[in-house]
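Chain residues, written in single-letter form:
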Amino acid sequence: MEIHIELLLGTKVCDVDGEDVGRIEEFHVQRDESSCRVDAYLIGASAVIERLSAWTLVRPVKKLLHSRNLLTVYEVPWQDMDLSDPQHPRLRIAKRDLRHIK
């Protein structure tokens, strides 16, 4: 399946039970000579901070949120995401089974 990945940014994601998980904020990808494949999706209100943490000004905010356990980012492997309807992505697993990024 081929999808314009930029159209998924900011899209709300629900889990298999219909519970809101968050929005797609970033992707982990593998590139080779002829293609680019998604390995994982970063989802959650704080994933945007994870994406912006390369900026020097955002790093202290990220550290503060981590220290207070306020940074919630889920890493979802590509095989756990159902994109059969790209405008309404759904997880194939429950939110409780997702892995937090520290």
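Residues numbered from 1 in each chain as written. Predicted model: local features only at pLDDT ≥ 70, side-chain atom pairs only at ≥ 80, totals over all residues. Heavy atoms only, no water.

Peer 1: Can you break down the environment of I43 residue by residue, with the values?
Peer 2: Mapped onto the elements of the fold, I43 is located in strand β3 (residues 36-43). As for I43 and H100, which are separated by 57 residues in sequence, their C-alpha atoms are 9.6 Å apart. Excluding its chain neighbours within four sequence positions, the residues that come into contact with I43 are V13, V21, G22, R23, I24, T72, V73, Y74, V76, M81 and L91. (Helix = DSSP H or I, 4+ residues; strand = E, 2+ residues; numbered from the N terminus. Contact = heavy atoms within 4.5 Å.)

Peer 1: For the pairing of strand β2 (residues 20-31), give the residues involved together with the corresponding values.
Peer 2: Across three bridges, strand β1 (residues 12-14) lies against β2 in antiparallel orientation. When the bridges of β2 are listed, V13 appears paired with G22. In textbook terms, the turn of a hairpin is the stretch between consecutive antiparallel strands, and for β1 and β2 this stretch comprises five residues, one of which, G18, has a positive phi near 90°. Connecting the antiparallel pair β2 and β3 is a turn made up of four residues. (Pairing = 2+ DSSP bridges.)

Peer 1: Let's hear about the pattern of salt bridges: which residues, and what values?
Peer 2: Throughout the structure, instances matching the rule amount to four salt bridges. Between R96 and D17 there is a salt bridge; the shortest N-O distance is 3.6 Å. On the criterion of sequence distance, the pair formed by R96 in the loop between β6 (90-91) and β7 (99-100) and D17 in the loop between β1 and β2 is long-range, its members being 79 residues apart. The same class applies to R96 and to D17, which are both exposed. Salt-bridge contacts for K95 lead to E19; the nearest nitrogen and oxygen are separated by 3.8 Å. Placement of the pair is K95 in the loop between β6 and β7 and E19 in the loop between β1 and β2, with a sequence separation of 76 residues. A relative accessible area of 42% places E19 in the partly exposed class. (Salt bridge = Lys/Arg side-chain N within 4 Å of Asp/Glu carboxyl O. Buried < 20%, exposed > 50% of the residue type's maximum accessible area, 1.4 Å probe, protein only.)

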